[in-house]
Amino acid sequence: MTSPETTQPDPAAPREAAAEITPPESVRRVACVGAGVIGGGWAAHFLARGYDVTAWDPAPDAGRKLRRLVDAAWPALTSLGLAEGASTDRLTVTETLEQAVSEAEFVQESAPEKLDLKRDLLSRLDAATPPGVVIASSTSGYPMTDMQTTAADPSRLVVGHPFNPPYLIPLVEVVGGEHTDAAAVAWAARFYEVAGKSVITMDKEVPGFIANRLQEALWREALHMVAAGEATVRDIDLSITEGPGLRWAVMGPMLTFALAGGEGGMAHTLDHFGPSLKSPWTRLEAPELDTGLYDAVVAGCEEAADGRSVVDLVAERDKGVIDVLRATGRLGREGEPR
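Presented here is an overview of the structure given in this document. Quick caveat, the model's predicted, so the values are computed rather than measured. (Residues numbered from 1 in each chain as written. Predicted model: local features only at pLDDT ≥ 70, side-chain atom pairs only at ≥ 80, totals over all residues. Heavy atoms only, no water.)

This next bit is on the overall build of the chain. Each helix and strand in the chain was counted, giving 13 helices and 8 strands. Compactness check: the chain gives a C-alpha radius of gyration of 22 Å against a globular reference of 20 Å for 338 residues, within 12% of the reference. Once the C-alpha set of the chain is aligned to its principal axes, its extents read approximately 65 × 45 × 45 Å. Residues counted as buried form 39% of the 338 residues belonging to the chain. Surface exposure of the chain reaches about 18,100 Å², of which carbon and sulfur atoms provide 57%. Distance between charge centroids for the chain: 3 Å, based on 30 positive and 49 negative side chains. (Helix = DSSP H or I, 4+ residues; strand = E, 2+ residues; numbered from the N terminus. Rg over C-alpha atoms; globule rule 2.2 N^0.38 Å. Buried < 20%, exposed > 50% of the residue type's maximum accessible area, 1.4 Å probe, protein only. Areas by Shrake-Rupley, 256 points an atom, 1.4 Å probe, with all protein chains shown as cover. Lys, Arg positive; Asp, Glu negative; His and termini not counted. Charge placed at Lys NZ, Arg CZ, Asp CG, Glu CD.)

In structure tokens form, the structure reads like this:
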């Protein structure tokens, strides 16, 4: 097999006829394009699941940073349980985008959230990736319809939106654009499932998808409360970790509210709490992110960190998420992969 580090396909060369697509269950090589926090987290996840991973990022020190990120994630992944053959040695960092995707059977793009950048990169990936191979974007909010406008073959472009860190949080939201083939969406959803993820396949594009829209509503209200002096950063975090967050780790907000209605279920909850929806409990418009609010939020987070480094906090977060996943029965015994 030709090494991707020594061969670069000619983007101007005519494409070969579409070959038979590799079934999701048979994929062995994944390309991660963009190697920041999200792209690096994806690389760590795929490595832990036993895939060969080729990665590319335009930053001059991307390879060093990526390997450092993977090494930092590996203890948590080992605790979760590594797939047979999983190894950080199966990571190859290439010098060019074309080298990274030349033999890929699936591509995960994780570039910064800039629409023009996403459009250009997805177009380049489409030109360089073998025909028929699905290309997924980790975008946090852009609809694929807006990103696939310049690709020669937009039918294979899908959104595969993860949550940070991708190697730990199971959820991926999958949705296509107006020009995406339904078969590509189905293939991507199945591949993510095989790769150990929990998948929501969306029937309709919604800016921000599902979970980010819910997170954003909570985030905006939290910023309003800090800006108005109604709560501190610590108060807000504690209100979730010691309150509804404990319930949300077991079941979502809808079923949680249904249980609040007792035997009457959600119908009783709506009858009882419905009128309060007209009460001024939330302010969904984003507050003005002025210097005062910016400084207050940054200072509050520094206080909450209490001298712990980012490395310390990541390790603490990873252990906590694993403990919750294991305690709620969403993991097997220690040493078993998801």
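Don't stop here, the text continues.
In this section: the environment of Arg119. By the secondary structure assignment, Arg119 is in helix H4 (residues 115-128). Using a relative accessible area of 25% as the deciding quantity, one classes Arg119 as partly exposed. Setting aside residues up to four positions removed in sequence, Arg119 forms contacts with Asp146, Met147, Thr149 and Thr150. Of note is the side chain of Arg119, whose polar atom sits 2.6 Å from the backbone oxygen of Asp146. (Contact = heavy atoms within 4.5 Å. Polar contact = N/O pair within 3.5 Å; in protein donor to acceptor, adjacent residues only side chain to side chain.)

Our next topic: the nonpolar core. One finds Phe46, Phe106, Phe191 and Tyr192 to be the most contacted residues of the largest nonpolar core, which totals 39 residues. Broken down by secondary-structure element, the contributors of at least two residues to this core are strand S1 (29-33), helix H1 (37-48), strand S2 (52-56), helix H2 (62-80), strand S7 (171-176), helix H6 (182-194) and helix H13 (310-327). The leading source of residues in this core is H2, at 7 residues. Those residues in contact with Tyr192, other than ones at most four positions away along the chain, are Trp42, Phe106, Gln108, Ala136, Gly160, Val172, Val174, Lys197 and Val199. Core analysis: the second largest hydrophobic core is formed by 23 residues, Trp56, Val133, Leu157 and Val159 among them. (Core = buried A, V, L, I, M, F, W, Y, C linked by side-chain atoms within 4.5 Å.)

This part is about the packing of helix H7 (residues 211-227) against helix H8 (residues 233-241). In the contact formed by H7 and H8, the axes pass within 9 Å of each other and the chain directions differ by 145 degrees. Regarding H7 and H8, the two cross each other, and that crossing is right-handed. Of H8, the residues touching H7 (which contributes Leu218, Ala222, Met225 and Val226) are Val233, Ile236 and Ile240. A per-class count over the contact of H7 with H8 returns 7 nonpolar, no polar and no charged. (Axes fitted to C-alpha atoms, helices over the stretch in contact; angles between N-to-C directions. Left-handed = near helix turned anticlockwise from the far one by under 90°. Nonpolar A, V, L, I, M, F, W, Y, C, P; charged D, E, K, R; others polar.)

The next thing to look at is unusual backbone geometry. When glycine is set aside, most residues are seen to have a negative phi, and most peptide bonds are trans. Residue Asn164 is joined to Pro165 through a cis peptide bond whose omega torsion reads -5 degrees. By the element assignment, Pro165 lies in the loop between strand S6 (157-161) and S7. The backbone of Phe209 shows a phi angle near 60 degrees, a positive value even though the residue is not glycine. Locating Phe209 in the fold gives a position in the loop between strand S8 (198-201) and H7. Judged by its relative accessible area of 2%, Phe209 falls in the buried class. Phi is positive for Asp306, which is not a glycine, with a value near 50 degrees. Residue placement: Asp306 occurs in the loop between helix H12 (291-305) and H13. For Asp306, a relative accessible area of 64% translates into the label exposed.

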